[in-house]
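Residue-level listing of the chains:
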Amino acid sequence: MRIQLELFGLARIAAGTKELALELEEGTAFRDIVRLLSARYPAMIGNVIQPDGETLQPPNIFNLNTRRMIQADQMDECPNDGDRIVLMSMSAGG
Amino acid sequence: MPTSTSKYQYVACDPTKCVGCQICEYVCSQTKTGEFNTYRSRIRTVREHKILMTAVACRTCEDAPCVIACPRDALTQDKVTGIIHIDANRCDGCAWCIEACDFGAISINPATKLAEICNLCEDLEDGPQCVKWCPKEALALTTPDQRAQKARHKLVIEEVVKP
Amino acid sequence: MHGYSGKILHIDLTARKTWVETKPEEWYKMYIGGVAMASRLAWENIESGCDPLSPGNVICIAGGLFAGTPVPVGGKYGMASKSPLTGFIGDSLSGSWLAVTLKRSEWDGIVIHGTSEDWVRVFVDDDRVTFHDASNLVGLNTYETEDAIRDEYGDDQIRTACIGPAGENLSRIANVSNDGRKAGRTGQGAVWGSKKLKALSIRGTKGVSVADPDALLQLSYDILQAAQGPHTQKYRILGTSSNVLNMNRLGLLPTRNYQQGTFEDAELVSGEYLHENYKAKTTACAQCPIACEQIGHVKEGPFAPAMGHIEYESLFALSSNCGVSDMEASIKAIVNCNDLGLDTMSTGVTISWAMESYEKGVFTKEDFKCEKYPEGFEARFGNGEAMVALTEMIAHRDGYMGDLLAEGTKRASARVDEERGTETYKWAMNIKGLELPGYDARALKTFSVGLAAGTRGGCHNRSAAYDPDIKGDVDRFTIDDTRGELAKSTEEYAAVYDTLPLCKFIRRCFTGKADRAGAWPAIAQLINAVTGWDFDYDAVDLIGERAHTIKKAFNIREGWTRADDYLPWRWHHEPMKEGASAGHVVTEEELEYLKDLYYEAKGWTKEGFIPKEKLIELGMDDVAEEIGV
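Note that residues are indexed from 1 along each chain, following the sequence as it is written. As a convention, the first chain written is A and the first ligand written is 1, with the rest following in written order. This being a predicted model, a pLDDT of at least 70 is required before a residue's local features are given, and a value of 80 or more before pairs of side-chain atoms are given or counted; all residues contribute to the totals for chains, interfaces and linings. To get the side-chain values, all heavy atoms of the structure are used, and hydrogens and water are removed first.

## As for the packing of aromatic side chains
All names here are of chain C. So the rule is basically this: Centres within 6.5 Å make a pair out of two Phe, Tyr or Trp rings, where for Trp the six-membered ring is used; the pair is then stacked when the planes are under 30 degrees apart, edge-to-face when over 60, and tilted otherwise. Relative accessibility under 20% of the residue-type maximum defines a buried residue, over 50% an exposed one, and the middle range a partly exposed one, all with a 1.4 Å probe and only protein chains included. A ring is considered to have a charge above it if a Lys NZ or an Arg CZ atom is located within 6 Å of its centre and within 35 degrees of its normal.
On inspection of all chains with the given rule, the structure shows 30 aromatic pairs over all chains. Here Tyr599 and Trp604 contribute two aromatic rings whose centre-to-centre distance is 6.0 Å and whose plane-to-plane angle is 40°, an arrangement assigned as tilted. Residue Tyr599 shares its accessibility class with Trp604, and that shared class is buried. Of note, Lys7 hangs over the ring of Trp107, and the distance from its end group to the ring centre comes to 5.2 Å. For the cation-ring pair, Lys360 lies above Trp427, with the distance from its terminal atom to the ring centre recorded as 4.8 Å.

Right, dumping it as structure tokens:
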């Protein structure tokens, strides 16, 4: 399945790119996408991704198709073909 | 520890890392006096033009000019460490030492009006508290040689290796 | 008593005299500092029913419990007065060095009464207070004013809070500035201007001592270390401006005066773009180990030179919300506001009202005539030059438009609608008169009641209820009967931080979790290390409820009723057309239901008044006497 993954904030700086087109096996979970990112962009580990390589460091979070935020306990769910995910870091105030 | 090439250590600040938070000043004054008061800090931060900032403490100059300038011999310089000591009984707050110091590293106690200076927290096991606390690791206990080496390595990496 | 001197300094500008009020320890235990203490001083000293720009109004400054110590991010202070913008409590927070010098001067608070006949500046030099002619400072911008005073005394440890030309000209959206920080919202600058108070300078040379210095240092050190790690990364590297792309993606980025929630050029005005193209340095407030101030620098082009720190709320108001894609214009407009002493948020949202009014034919080009543009100009959305020009016009009340917009959206729209028979109130984006923040609450329904019921007006900082909505803890597009409790909970959580005060950016650095369980125990320890008191989780929690209650009580005394908790017309009637939040509004029925839930959660009556027993339970017997039901 094909997923568009957009990167905002620290994730964008660590990866040096704004957007990725990912070709993934069916049944790939959100957690697996995090693993993929930590392998491809080790610079994300520490600030965007936790040292375990598969958990997002809060307040970094996946936004799915603009409408839904994927909570920590939903990371074993799977996206669908054609989904658009944004890795963003929620920030307050200013 | 004094080395064969350079005798004295001092606390230096990297202005590219300093953010001007002044935590060094609170911690220094607390260590020396038991109270938080930047007027009693032996290290002082400076800010100019919104984005230029650094911190200054005694540079342990060789043949320190402040020692030479003092008319009452209130200042002495330890031959091994280079640390300046001020005898409060002799000091009368004349401020000639301050005139002699190009770095503004000597300050005046607002209550007693006598001179005060950094002594590298020589009596503490973990050394200068400002270095320990600086959140951006902008402060370091260093010697002139170490500063020069650091600058040379930085130059090589930034201008020779990276491009 | 540790942590406090027990003394409040009162200054009377009319008679040019001062006196000292002592307060018992119990009073400090209840009000602590920051916005709660400032609002309590406002309750005690402000003549009810007074015009906010009259001598009856009072400026109340309250220090920070942790100011002047190494407690990270504790260098903050609070300011309260009756707001010229809303007619209700105007409580603001500022920070950095003035909070430190205030602590060292050994005044827990400073209360300024009356009005000076001529422009005056006041100097509080430890316990000596002097009044000085300020005519040589009138017209200087905020930075120039601080520098001039510091140069006059030759002591760079003298810190000054002051107004710029905007406050001098009684703009209701003027702020008070100190050390590059601002008591930004509700029009504090106009109150100072009405008193002809140009500047308040403080020098404090005393040492700050605490009850348990070892405990304080240990706790502070641990928090300081944690503040270098992932819990503050987003603030340190990109700052809050990284919210532009986030809000845009969620369809919540106010665009063209809140007409839409997505901006086609969001990338060009994003924190990421700022970081890559305009960032000069990251700096810190006094006492802060995080360092979140992202300084943007425009070096070339029509808006150069301009350098200042750029935050999300300033940025949205003066970019997407005005339809402007040119980040250089945004930086310049923000810097103008900082220099001239204007609240960036209220200024931006007032300018966007003027732009929409222009595009809808309410205003003509000639309505924008001013000194610099004698022919006027076309104030369309997207016109960066117009946006910048308007910031200057507002600060100087220059021309018809400068004078009108200096009043803020509520009064400006009322005046225009009366004069021209128009309906510009429909797009005057304020609640109680305070212009809105950078989130569109048509699709943040918990937040909508937090904004509507906000005591100082529509304020994201005081409500904080956008957090559960945006994070997805609840469904932001619908309502249910938990939302009243939720809005109460977030606002009282925020109030704890605003009272100590501590900057909220530290909230994850105690245990890694930002919730009450993660933060209150550590905060209790910090309070006890300073004061020697015996605060626990519950005592810390109560700080927030008390803080909010004293502000509410002030409002009730000034004539607040349930009808004052409203949302702007646009949010009831005009859904957005594009983006992730399109198609939603908060209906009037929904709002009334949410208000019922919220008042009930607070323990108030259906009309939103506070029962006597509730106030007595909170230890506010005198308040119960006056406004309890």
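## A few points about the domain arrangement of chain C
Residue and element names in this part refer to chain C. Let me state the cut-off plainly: The domain limits used here are those given by an automatic or database domain assignment. Contacts between residues were defined by any pair of non-hydrogen atoms, one from each residue, lying within 4.5 Å. Throughout, buried area stands for the accessible area (probe radius 1.4 Å) lost by two parts on being put together, summed over both.
One can read the domain layout of chain C as domain 1 (7–203), domain 2 (232–429) and domain 3 (436–567 + 587–627). Each of domain 1 and domain 2 was reduced to a C-alpha centroid, and the two centroids are 27 Å apart. With 33 residues of domain 1 at the interface, the matching set in domain 2 holds 27 residues. For the pair domain 1 and domain 2, the summed buried surface comes to about 2300 Å²; carbon and sulfur atoms form 49% of the total.

## Observations concerning the environment of Thr69 of chain C
Residue and element names in this part refer to chain C. The criterion, for reference: Strands here mean DSSP runs of E at least two residues long; helices mean DSSP runs of H or I at least four residues long; both are numbered from the N terminus. Two N or O atoms form a polar contact when they lie within 3.5 Å of each other; inside protein one atom must be a possible hydrogen donor and the other a possible acceptor, and for residues adjacent in sequence the pair counts only when both atoms belong to side chains.
Mapped onto the elements of the fold, Thr69 is located in the loop between strand E3 (59–62) and strand E4 (76–82). With relative accessibility at 1%, the residue Thr69 sits in the buried group. Thr69 sits 148 residues away from Leu217 along the chain, and the two C-alpha atoms are 8.9 Å apart. In terms of polar contacts, Thr69 uses its side chain to reach the backbone carbonyl oxygen of Phe66, at 2.8 Å.

## A word on the packing of helix H12 (residues 327–340) of chain C against helix H14 (residues 384–396) of chain C
If you want to describe how two helices pack, look at the angle between their axes and the distance between the axes. Residue and element names in this part refer to chain C. Short version of the rule: Angles run from 0 to 180 degrees between N-to-C directions of axes, and those axes are lines fitted to C-alpha atoms, restricted for helices to the stretch in contact. If an angle is under 35 degrees, it is roughly parallel; if it is over 145, roughly antiparallel; if it lies from 65 to 115, roughly perpendicular; otherwise it is oblique. In this classification, the charged set is Asp, Glu, Lys and Arg, the nonpolar set is Ala, Val, Leu, Ile, Met, Phe, Trp, Tyr, Cys and Pro, and all remaining amino acids, among them Gly, are polar.
Between H12 and H14, whose axes approach to 9 Å, the crossing angle comes to 5°. Comparing the axis directions of H12 and H14 gives the class roughly parallel. Every residue of H14 that contacts H12 at Ala329, Ser330, Lys332, Ala333, Asn336, Cys337 and Leu340 is listed here: Gly384, Met387, Val388, Thr391, Glu392, Ala395 and His396. A class-by-class count of the residues in the contact of H12 with H14 yields seven nonpolar, five polar and two charged.

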